[in-house]
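# Observations on chain architecture
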Amino acid sequence: MAQQQSLLDQKKLCCSICLDLLKDPVTIPCGHSYCMNCIKSHWDEEDQKKVYSCPQCRQTFRPRPALVKNTMLADLVEELKKTEPQAAPADHCYAGPGDVSCDFCSGRKMKALKSCLQCLVSYCEQHLQPHYESAAFEKHKLVDPSEKLQENICTCHGKVITIFCRTDQQCICILCSMDKHKGHDTVLASTERTERQGELGTSRQKIQQRIQDREEDVKVLQQVVEAIDCSADKAVRDNDKIFTQLVRLIKNRSSDVKQQIRSRQKTEVSPVKELQEKLQQEITDLRRKDNELEQLSNIGDHIQFLHNYPSLSCLSKSTDSPSIDIRPLQYFEDATAAVSEARDKLQDILSDVWTKISLTETEVDVLLPQAEPMTRAEFLQYSCQMTLDPNSASIRLLLSDGNRKATVTSEKQLYSSHRDRFTDMFQVLNRESLSGRHYWEVEMRYEVSVAVTYKDINRAGYTSGFGNDDKSWALECFNNSYAFRHNGVSTFVPGPQSSRVGVYLDHRAGILSFYSVSETMTLLHRVQTTFTQPLYHGLGVFASYGSGSSAELCKLE
């Protein structure tokens, strides 16, 4: 029983941080007690927050409480040490894998509590006591246990490294400063550490500021995500409503057309049926008359025949049958044709709307902009394979090489009529819309216009020429010069002549750049604007040199 009581008393006098008997016990405001060094170390880690807590009950204090040794607890601990044999250290006090062991312990080594930068030795709690008690160790620097203490010894002279050479940015010993580093800018390592610590503090402040900035950016992006989600949900609801109304409208129109057809059917069928019934009645009457005449002809008695003949002879007279006017019934075919035409128009409308919906990109303005390519290899990462649209080509342009090359011809091409065709300018658009980041190159022969344009550009008249309105941007390439054209205004563009022009487009950033491409790439002209629709690449071929002028979309590897 006495042994159990002593064990209980010993547990009450243990520090909950180091789990050993209290050393220099102190009691903090909440009533819990700790070793003075243990609670100091714990609160040192909380200095930055300026809020200090109890490791057991988590009660917080502000400002940092002053620590005063609890003499009563100290006396109790001393009495317990005298009356009870020293308990064997718990297993957790011994050094294990990954722990720094005490260099003074013999046999099974204890965990090191501190390492001394002066002694270059690590000490357990017991062997560390002289550093706390003896004035001879006052100037020694104690740090957390470390296995890299030998790094503080100069490999050349075996001396403790205490100096920093700013010239060579190297830690050295005192003998190195008089040997290899003589005449260099040297300071005490502690002095350099103080300056570097200040720089470190400045760097941390910058990093913390960037963290705060990024956290604000994250909040903004979250708001953007919520706004996009809200907008998308509303758009889905609104579109469901619109399509429901559209379906209802179509059903109503279908019902109306069906009702009109049935009404017309009834109108057309009614007189026909009346005539049909009249003719059927006439047929019945005629059959009856025919039977009576047949019976008269079969009478053998001449007197009886002549006696009955006057009453039946009138039946043999012919009656006029009603005329039947057979004419083609075109009403129903016309109705079907009208509905078919309405279907085709609706299909075209929905196709155009769907194209706008599927090709329009919604970008978030707060996203960090992507860097613009600098070398041709970087540009080629955004290369795109395009083909020309025959439905847009002028009848004076011959498309070849898989619809990648346009050549001016003297003969008109037998293209079908199409609303997208250029009628007055020798121009053609590509099939694919451009709404991201793209790069392509054009090989030219004679005079060519390389452009980007919205799809709704005019297809006839002066304004259909690339660069003649606010819907297209064009680089006009002549034999000896370049000119950029937009909204009817031409600007001379200097630059090296080349038969190949490169075009870079960043739709979201509103960047359009033209380059002269040879062995190197030279920027000719750069546009910074806001594109509000998907773009299409356009080629215009001038006929100044007659047939043979051409422009070709290059295959980029």
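Quick caveat, the model's predicted, so the values are computed rather than measured. (Residues numbered from 1 in each chain as written. Predicted model: local features only at pLDDT ≥ 70, side-chain atom pairs only at ≥ 80, totals over all residues. Heavy atoms only, no water.)

Turning our attention to the side chain of Ser516. In this structure, Ser516 sits in strand S20 (residues 511-517). Here the side chain of Ser516 touches Pro496 through a polar contact of 3.0 Å, landing on its backbone oxygen. (Helix = DSSP H or I, 4+ residues; strand = E, 2+ residues; numbered from the N terminus. Polar contact = N/O pair within 3.5 Å; in protein donor to acceptor, adjacent residues only side chain to side chain.)

What follows deals with the pairing of strand S19 (residues 500-506). With six of seven residues buried, S19 is to be regarded as a mostly interior element. Across seven bridges, strand S14 (residues 437-445) lies against S19 in antiparallel orientation. Across the sheet, His438 pairs through a bridge with Leu505, a residue of S19. In terms of strand pairing, S19 meets S20 through six bridges, oriented antiparallel. Its bridge partner being in S20, Asp506 is matched across the sheet by Ile511. (Buried < 20%, exposed > 50% of the residue type's maximum accessible area, 1.4 Å probe, protein only. Pairing = 2+ DSSP bridges.)

It is worth spelling out the pairing of strand S18 (residues 489-493) at this point. Bridge count between strand S17 (residues 482-486) and S18: five bridges; the pairing is antiparallel. When the sheet's bridge partners are listed, Phe484 is paired in S18 with Thr491.

So, about the sheet that holds strand S6 (residues 121-123). A sheet is described by the order of its strands in space; here three strands give the open sequence S6-S5-S7, paired in antiparallel fashion. Only two strands of the sheet have a single neighbouring strand rather than two, namely S6 and strand S7 (142-143). Bridge analysis of strand S5 (residues 114-116) against S7 gives two bridges, and the strand direction is antiparallel. Counted as the bridge partner of Cys116 is Leu142 from S7. Sitting on the sheet, helix H4 (residues 125-133) touches S5, S6 and S7, and the angle it makes with S6 is about 110 degrees. (Contact = heavy atoms within 4.5 Å. Axes fitted to C-alpha atoms, helices over the stretch in contact; angles between N-to-C directions.)

Another aspect to go through is helix H3 (residues 71-83). Between its first and last C-alpha, H3 extends 18 Å over 13 residues, near the 18 Å set by a 1.5 Å rise per residue. Buried within H3 we find Leu73, Ala74, Val77 and Leu80. End-on, the buried residues of H3 take up no more than an arc of 125 degrees, which puts them together on one face. Of the residues in H3, the exposed ones pointing more than 90 degrees away from the buried face are Thr71, Met72, Asp75, Lys82 and Thr83. (Expected span 1.5 Å × (residues − 1). Arc of directions from axis to C-beta.)

In this structure, Trp440, Trp473 and Leu512 are the most contacted members of the largest nonpolar core, which totals 36 residues. It is strand S15 (residues 448-454) that provides the largest number of residues to this core, a total of four residues. The next biggest cluster of nonpolar side chains, apart from the first, holds 18 residues, and it includes Ile28, Cys38, Ile39 and Leu80. (Core = buried A, V, L, I, M, F, W, Y, C linked by side-chain atoms within 4.5 Å.)

This part covers the sheet that holds strand S21 (residues 521-528). Paired through their backbone hydrogen bonds, the strands of a sheet run either parallel or antiparallel. On the basis of which strands lie adjacent, the open sheet formed by seven strands has the order S11-S12-S23-S14-S19-S20-S21 and antiparallel pairing. The sheet terminates laterally at strand S11 (397-400) and S21, the two strands that pair on one side only. Sheet twist, expressed as the average angle between the axes of neighbouring strands with direction ignored, equals 20 degrees. As defined by bridge partners, S14 adjoins strand S23 (residues 550-553) across four bridges and the pair is classed as antiparallel. Its bridge partner being in S23, Val442 is matched across the sheet by Leu553.

Keep in mind these numbers describe shape, not what the thing actually does.
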